[in-house]
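Listed below are the residues making up each chain.
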Amino acid sequence: MRDSVDPLAVRGRVHSIETFGTVDGPGTRLVVFCQGCPMRCQYCHNPDTWEFGIGTEKTVGEVIEAFERNRPFYRRGGITVTGGEPMAQPDFVAALFRAAHAAPAGRIHTCLDTSGATFSATGSERFSDLLDETDLVLLDIKTSDAASHERLCGLPASHALELGEELARRGVPTVIRHVLVPGITDSEEEVAGVGRIIGDWDNVVGLDLLPYHTMGRSKYEKLGIAYPLEGVPAMEPARAKGLRAVALRARAERRAERGR
């Protein structure tokens, strides 16, 4: 694709575009929400992005044009692609990031926000062009307990872990994200497990422990879908700070074991 297709003409399925994102990578960003995700995380707040084959078809050129219209606002930011699951459309996102890096008005920083749900080590070549063009990854680790991952998310943990290993091998700067759901993913054992996992990855440049919230419940109601975590309270944000310290301590211990 790199040699034969104009990146600006490549099309993808997009749920929506946010023109003033401030929490999806550094600075102010254009955020592209891809349509379609194979995961069914119980605490997902975007169930309207799950279904494949719907949404709006956009060309890479249209997305770059949207960025350029407001480039002065993004001078310390860039473009983030999230979802849904952006790695379900690797050719589209690779073409978008390639065009962003080659933009005539100046290189645009690229960020991939992913759960790694479609990645596998055995099929990694399919994602090579995309990862070559990615400046920063926001990688979700849903739970450090592999045995409960499929129950919580509908897919095994191997996808995210194999992607994490590939990012570490490539040295792609990565911020780890973990949602703290009361009674499910907020124990000290759970977050220490996250710390131990990322202790093996030297490319990790940040760790965000995100308090669970219930703001997505109304979307489930509109879609006629039962809310999986009915009755689970929102996480107190103040508690996240202490749990983050637990995770970082576990990471440091793991790195010490490895002599890093």
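Quantities reported herein were computed from a predicted structural model and do not represent experimental measurements.

Caption draft 1: Here's a closer look at the packing of helix α6 (residues 188-198) against helix α8 (residues 237-258). Packing of α6 against α8 leaves a shortest axis separation of 7 Å and a crossing angle of 40°. One finds that α6 runs oblique with respect to α8. Helix-helix and strand crossings are classified by hand; for α6 and α8 the assignment is right-handed. Facing α6, whose interface residues are Glu188, Val191, Ala192, Gly195, Arg196 and Ile198, α8 presents Leu243, Val246, Ala247, Ala250, Arg251 and Arg254. Split into classes, the residues belonging to the contact of α6 with α8 amount to 7 nonpolar, 1 polar and 4 charged.

Caption draft 2: Region of interest: the environment of Val194. Locating Val194 in the fold gives a position in helix α6. Remark: the alpha-carbon pair of Val194 and Val172, spanning 22 residues in sequence, is separated by 19 Å. Aside from chain neighbours lying at most four places away, what touches Val194 is Ile141, Ser144, Ile176, His178 and Leu207.

Caption draft 3: Examining the pairing of strand β4 (residues 78-82) more closely. Counting buried residues in β4 gives 5 out of 5 residues, a clear majority hidden from the surface. Two elements, strand β2 (residues 29-34) and β4, share 5 bridges in a ladder whose sense is parallel. Among the inter-strand pairings, Phe33 is bridged to a residue of β4, identified as Thr82. Direction of pairing for β4 relative to strand β5 (residues 109-114): parallel, over a ladder of 4 bridges. What sits directly across from Gly78, in β5, is His109. Considered for its hand, the β-α-β crossover made up of β4, helix α2 (residues 90-101) and β5 is right-handed.

Caption draft 4: Looking closely at helix α4 (residues 146-153). For α4, the complete set of buried residues consists of Ser148, His149, Leu152 and Cys153. Mapping the buried residues of α4 onto a view down its axis gives an arc of 125°, with all of them on the same face. Of the exposed residues in α4, those oriented more than 90 degrees away from the buried face are Ala147 and Arg151.

Caption draft 5: A look at the side chain of Arg71. Tracing the sequence through the fold places Arg71 in the loop between α1 (60-69) and β4. If we ignore the near neighbours within four places in the chain, the residues touching Arg71 are Ala103, Ala105, Gly106 and Ile108.

Caption draft 6: How the structure looks around the environment of Ala245. Mapped onto the elements, Ala245 comes out in helix α8. We classify Ala245 as partly exposed; its relative accessible area is 37%. In sequence terms Ala245 and Val191 are 54 residues apart; their C-alpha atoms lie 9.3 Å from each other.

Caption draft 7: Main features of unusual backbone geometry. Between Gly83 and the following residue, Gly84, the backbone shows a cis peptide bond with an omega angle of 10°. Its location among the elements puts Gly84 in the loop between β4 and α2.

The rules behind each value
Residues numbered from 1 in each chain as written. Predicted model: local features only at pLDDT ≥ 70, side-chain atom pairs only at ≥ 80, totals over all residues. Heavy atoms only, no water. Axes fitted to C-alpha atoms, helices over the stretch in contact; angles between N-to-C directions. Helix = DSSP H or I, 4+ residues; strand = E, 2+ residues; numbered from the N terminus. Parallel < 35°, antiparallel > 145°, perpendicular 65-115°, else oblique. Left-handed = near helix turned anticlockwise from the far one by under 90°. Contact = heavy atoms within 4.5 Å. Nonpolar A, V, L, I, M, F, W, Y, C, P; charged D, E, K, R; others polar. Buried < 20%, exposed > 50% of the residue type's maximum accessible area, 1.4 Å probe, protein only. Pairing = 2+ DSSP bridges. Right-handed = clockwise from strand over helix to strand, strands pointing away. Arc of directions from axis to C-beta.

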